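# Geometric and topological summary
Listed here are the chains, written in short residue letters.
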Amino acid sequence: MTASPDIDRLLALGPLKVWSVVVTIMGDLCRAPEDRIEGPLLTRLVEGMGINNQALRVALHRLKRDGWIEAERDGRVSSYALTPEGRARTEAVRPVIYAAAPPAPVPVSLVLPEPAMATQDFIDALPDDTVFPGTRSALTTGPLDPALSDALVTTLDTAALPDWIASVVISPEALADYTRLAQALESLGPAPGDLMTRTILRLIAFHHWRRMRLRHGTLPDLILGPNWPGAQARTAIARTLETYPRPALDALRAAATTPAS
């Protein structure tokens, strides 16, 4: 594997949390329940992202402790697989992080609680991806908890909302991150011939998208329109995943035995 300016360009998008990178790798490459990644292959992949072996060992220990992965030893070589719990978590978000199209349109509701309802009870009764313009107002797409049966609920016309709503739905910093990701992905060169380099590019790009996308629900797509930075990044990552397709694990194992150059 040779040095890649494209890898450097993607790494410049932000620091990598090693345990989260390993979750991305396992979720993207281990699609079948029986799939495993050997330690030497995992080491080659993260080394190409600037992650050293000590940091990888710490991350693997954390993921085993937290129930994400399990290890199996064959002689001197360990291999890793998602646990049933880890696989369930991965499958739960797969439709979100691999979606090439925006979510289907659904009504967005403004919810105001009855005056007697405690603020914390109001918050607790709403779905996790609810956005709160104020402590006692909420934007949501959810079905509502019966505890909110006396709340004031009105469906919004998302095409006629004031501009300030954008900064409530998603932060300016997150919008800037999406813009940088889309620009970096659009500037990538042709797919390199080396399989390890192609795979590392795929994994870094997808990891940045995954960590950004899982921070919010569907409201930005529903409220900000089809051309908001997150939508542009989604189009760019879908194109990138086609350009750098997921490799077969056997082919990747063979490539990993070739010494890095």
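Thresholds applied
- Residues numbered from 1 in each chain as written.
- Predicted model: local features only at pLDDT ≥ 70, side-chain atom pairs only at ≥ 80, totals over all residues.
- Heavy atoms only, no water.
- Helix = DSSP H or I, 4+ residues; strand = E, 2+ residues; numbered from the N terminus.
- Buried < 20%, exposed > 50% of the residue type's maximum accessible area, 1.4 Å probe, protein only.
- Contact = heavy atoms within 4.5 Å.
- Areas by Shrake-Rupley, 256 points an atom, 1.4 Å probe, with all protein chains shown as cover.
- Lys, Arg positive; Asp, Glu negative; His and termini not counted.
- Charge placed at Lys NZ, Arg CZ, Asp CG, Glu CD.
- Axes fitted to C-alpha atoms, helices over the stretch in contact; angles between N-to-C directions.
- Parallel < 35°, antiparallel > 145°, perpendicular 65-115°, else oblique.
- Left-handed = near helix turned anticlockwise from the far one by under 90°.
- Nonpolar A, V, L, I, M, F, W, Y, C, P; charged D, E, K, R; others polar.
- pLDDT = per-residue confidence, 0-100.
- Pairing = 2+ DSSP bridges.
- Salt bridge = Lys/Arg side-chain N within 4 Å of Asp/Glu carboxyl O.
- Expected span 1.5 Å × (residues − 1).
- Phe/Tyr/Trp six-rings, centres within 6.5 Å; stacked < 30°, edge-to-face > 60°.

### Quick word on the overall build of the protein
The helix and strand inventory of the protein stands at twelve helices and seven strands. For the protein, the spread of C-alpha atoms along the three principal axes comes to 65 × 40 × 25 Å. Taken over 261 residues, the protein has a buried fraction of 45%. Considering only contacts within the protein whose residues lie at least 6 apart along the sequence, 77% involve residues at least 24 apart. Of the accessible surface of the protein, which amounts to about 13000 Å², a share of 56% is contributed by carbon and sulfur atoms. Once the 26 positive and 29 negative side-chain charges of the protein are each reduced to a mean point, those two points are 8 Å apart.

### Re the packing of helix H9 (residues 195–213) against helix H11 (residues 229–243)
Where H9 contacts H11, the two axes come as close as 10 Å, and the packing angle between them is 155°. Considered as vectors, H9 and H11 are oriented roughly antiparallel to each other. Between H9 and H11 the crossing geometry is left-handed. Contacts between H9 and H11 involve Arg202, Ala205, Phe206 and Trp209 from the first element and Gly230, Ala233, Arg234, Ile237, Thr240 and Leu241 from the second. Class assignment of the residues belonging to the contact of H9 with H11 gives a composition of six nonpolar, two polar and two charged.

### Observations regarding the confidence of the model for the protein
Detailed reading of predicted coordinates is not advised where the pLDDT is low. Mean pLDDT over the protein stands at 94; residues scoring 70 or higher make up 98%. Confidence, expressed as mean pLDDT per element, reaches its minimum in the protein at helix H7 (residues 165–169) with 92 and its maximum at helix H2 (residues 18–29) with 98.

### A word on the sheet that holds strand E2 (residues 69–74)
In space, the three strands of this open sheet follow the order E1-E3-E2, with antiparallel pairing throughout. Each edge of the open sheet is held by one strand with a lone partner, namely strand E1 (37–38) and E2. Strand direction decides the pairing type here: E1 and strand E3 (residues 77–82), joined by two bridges, are antiparallel. The partner of Ile37 across the bridge, within E3, is Tyr80.

### Considerations on the pattern of salt bridges
Per the counting criterion, the structure on display carries twelve salt bridges. As a salt-bridge pair, Asp28 and Arg202 come within 2.7 Å of each other at their nearest N and O atoms. Placement of Asp28 in helix H2 and of Arg202 in helix H9 is noted, with a sequence separation of 174 residues between them. Judged by relative accessible area, Asp28 falls into the buried class, the value being 0%.

### What about the environment of Glu38?
Along the polypeptide, Glu38 turns up in strand E1. Residue classification places Glu38 among the partly exposed residues on the basis of a relative accessible area of 23%. When near neighbours in sequence (up to four residues on either side) are disregarded, Glu38 contacts Val77, Ser78, Ser79 and Arg253.

### Notes on the packing of helix H3 (residues 39–47) against helix H12 (residues 249–256)
Relative orientation of the contacting elements H3 and H12 amounts to 75°, with a least axis distance of 10 Å. Relative to H12, the element H3 is oriented roughly perpendicular. On the side of H3, the interface is formed by Leu41, Arg44 and Leu45, while H12 contributes Leu252, Arg253, Ala255 and Ala256. Among the residues forming the contact of H3 with H12, the class breakdown is five nonpolar, no polar and two charged.

### Observations regarding H11
Here H11 is 15 residues long and its end C-alpha atoms lie 21 Å apart, about the 21 Å a rise of 1.5 Å per residue gives. Buried within H11 we find Pro229, Gly230, Ala231, Ala233, Arg234, Ala236, Ile237, Thr240 and Leu241. In this structure, the buried residues of H11 make contact with helix H8 (172–186), H9 and helix H10 (219–224).

### Focus: the packing of aromatic side chains
To describe a pair of aromatic rings, you give the distance between the ring centres and the angle between the ring planes. As enumerated under the stated definition, the model contains four aromatic pairs in all. With a centroid separation of 6.3 Å and an interplanar angle of 80°, the aromatic rings of Phe122 and Phe132 are classed as edge-to-face. In this pair, Phe122 is assigned in helix H6 (residues 119–124) and Phe132 in strand E5 (residues 131–134), connecting sequence segments ten residues apart. Seen in terms of ring centroids, Tyr178 and Trp209 are 5.9 Å apart; in terms of plane orientation they differ by 55°. Their pairing is tilted.

### What to know about the side chain of Arg202
Judged by its relative accessible area of 3%, Arg202 is buried. Residues in contact with Arg202, not counting those within four places in the same chain, are Asp28, Tyr98, Leu241, Tyr244, Pro245 and Arg246.

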